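Analysis of the macromolecular model
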Amino acid sequence: MIIIFLDIDGVLFYNPMDGMVHKRVAERLEGKDVPKPYPAIEFDRAAIDLFDKSSLHYFDKLIADIIQQTQQEVGIVLSSNWRIGYSLEELQDLFKQHAFSKYLIDKTPDLEDGLRGGEIAQRLKEHREEYQVSCFVILDDIDSGLSKNFPEAFVKFSHLTLFRDEEYKQALNVVLKGTASQA
C-alpha cells in the first residue's frame, strides 16, 4: 500500500480569516434550530464546503494516477490538525462529500511536542507492516521536522497557492521513485 500523509490547511484549504467560514455557517444553518454559539463541527462542515476545487482535482488525480501507475492500493493518513477531536469514522463522515474520503484509513497520533515529523514516524513505526507500506508521501505546507526526517518523501506546499500541478508532479515523482526502489 502507498500511504499519503495529508495535511488539509495549506494543501486543500486556505482560510484567509475574512469571515467566509462564518458566513458559510450562517448560510448552512439559516432557518434551522441550532443554538448559538454554533458548535465547532459546524465550522468544520462549512470549511469543507470551501475546499479549493482545483486542489481537490489535483489530489484526486494524484490518487488515481498512483493507483493506475503502481497497481497498488492508496491509503490516506490524516496528519492535519483536523484529526484532533474526531474518530476515524467521524472524519470519514465529515469528508464524505469529497472523493478522497474513501481512502482515509488512519490519522497520526497527537504527540505532546506537536511536531508532525515525530507523529508520522510513530505512525509508520506502529503500522508499516499492518498496512504493508511500500512507499509514502507527505503533503504539508509546514515543515515541522518533515524535511529533516523525511527528505525524500516530503512535498512542501504554499498555503497561498495550495495543491497545483507542480505539487502533483512532485508527489507523483516521490511515489514512483519510492516504488521503483522497492522493486
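Residues numbered from 1 in each chain as written. Predicted model: local features only at pLDDT ≥ 70, side-chain atom pairs only at ≥ 80, totals over all residues. Heavy atoms only, no water.

1. Thoughts on the packing of aromatic side chains
Where we set the bar: Here the aromatic set is Phe, Tyr and Trp, taking the six-membered ring for Trp, and pairing holds for ring centres within 6.5 Å; pairs whose planes are under 30 degrees apart are stacked, those over 60 apart are edge-to-face, and all others are tilted. Going along the chain from the N terminus, every DSSP run of H or I of four or more residues is numbered as a helix, and every run of E of two or more is numbered as a strand. Each residue is placed in one exposure class: buried if its accessible area under a 1.4 Å probe, protein chains only, is under 20% of its type's maximum, exposed if it is over 50%, and partly exposed if it falls in between.
Within the structure shown, the criterion is met by eleven aromatic pairs. Between F95 and F100, the ring centres sit 5.5 Å apart and the planes meet at 45 degrees, which makes this aromatic pair tilted. The interplanar angle of 85 degrees and the centroid separation of 5.6 Å between the aromatic rings of F136 and F150 together place this pair among those described as edge-to-face. With a gap of 14 residues between them, F136 in strand β4 (residues 135-140) and F150 in the loop between α6 (146-149) and β5 (154-156) connect regions that are remote in the sequence. Judged on exposure class, the residue F136 and its partner F150 are both buried. Ring pairing ties together the aromatic residues F13, F51, F59, W82, F95, F100, F157 and F163, which thus form one cluster.

2. Focus: the pairing of strand β1 (residues 2-6)
With five of five residues buried, β1 is to be regarded as a mostly interior element. Burial of β1 is two-sided: the residues I2, I4 and L6 facing one way and the residues I3 and F5 facing the other way are all buried.

3. Some remarks on empty space enclosed by the protein
Quick reminder of the rule: In this analysis a 1.4 Å probe is tested at points of a 1 Å grid over the protein atoms alone, and where it fits but cannot get out there is a cavity; an open set with protein on both sides within 12 Å along at least five of seven lines is a pocket; lining residues have an atom within 4 Å of a point. Grid points are joined across faces, edges and corners, and a volume is the space filled by probe spheres set on the points. Basically, the charged four are Asp, Glu, Lys and Arg, the nonpolar ten are Ala, Val, Leu, Ile, Met, Phe, Trp, Tyr, Cys and Pro, and anything else, Gly included, counts as polar.
All chains considered together, the criterion is met by one cavity of 30 Å³ or more. There is about 40 Å³ of room inside the largest cavity. I3, F5, V77, R123, L124, H127, R128, Y131 and V133 are the residues that line the largest cavity. Put simply, the parts of the chain that give the lining of the largest cavity at least two residues each are β1 and α5 (116-131). It is α5 that contributes the most residues to the lining of the largest cavity, five residues altogether. In the lining of the largest cavity, the residues fall into six nonpolar, one polar and two charged.

4. Notes on helix α2 (residues 40-49)
Put simply, the rule is: In this analysis, two residues are considered to be in contact whenever any of their non-hydrogen atoms come within 4.5 Å of each other.
For α2, every residue scored as buried is listed here: E42, A46, A47, I48 and D49. Of the surrounding elements, those touching the buried residues of α2 are α1 (20-29), α3 (53-70) and α4 (88-94).

5. Brief notes about the pattern of salt bridges
Side chains carrying opposite charge are able to pair once their charged atoms draw close together. Operational definition: The salt bridge criterion pairs a side-chain nitrogen of Lys or Arg with a carboxyl oxygen of Asp or Glu, the two atoms within 4 Å.
Tallied over the entire structure, the rule returns 14 salt bridges. The shortest N-O distance in the salt bridge between D106 and R123 comes to 3.3 Å. Here D106, found in strand β3 (residues 104-107), pairs with R123, found in helix α5; they are 17 residues apart in sequence, far enough to count as distant. Each member of the pair, D106 as well as R123, carries the same accessibility label: buried. Between R123 and E126 there is a salt bridge; the shortest N-O distance is 2.6 Å. You can see R123 and its partner E126 sitting in helix α5, three residues apart, about one turn around the helix. A relative accessible area of 42% means that E126 is categorised as partly exposed. Because the salt bridges share partners, they merge into one network encompassing R24, E27, R28 and D49.

6. Description of the sheet that holds β5
Let me state the cut-off plainly: Two strands are counted as paired when DSSP detects at least two bridges linking them. Axis angles are defined between N-to-C directions and span 0 to 180 degrees, where every axis is a line fitted to C-alpha atoms and, for a helix, only to the segment in contact.
Taken together, five strands build an open sheet; the order of strands is β3-β2-β1-β4-β5 and the sheet is parallel. Strands at the two margins of the open sheet, each flanked by one partner only, are β3 and β5. Ignoring strand direction, the axes of neighbouring strands in this sheet form an average angle of 25 degrees. Pairing geometry for strand β2 (residues 74-78) and β3, over three bridges, is parallel. Of the residues in β3, the one forming a bridge with I76 is L104. Of the strands in this sheet, β1, β2 and β4 touch α3, which is tilted by about 165 degrees from β1. Where α5 meets the sheet, it contacts β1, β2, β3 and β4, and its direction lies at approximately 125 degrees from that of β3.

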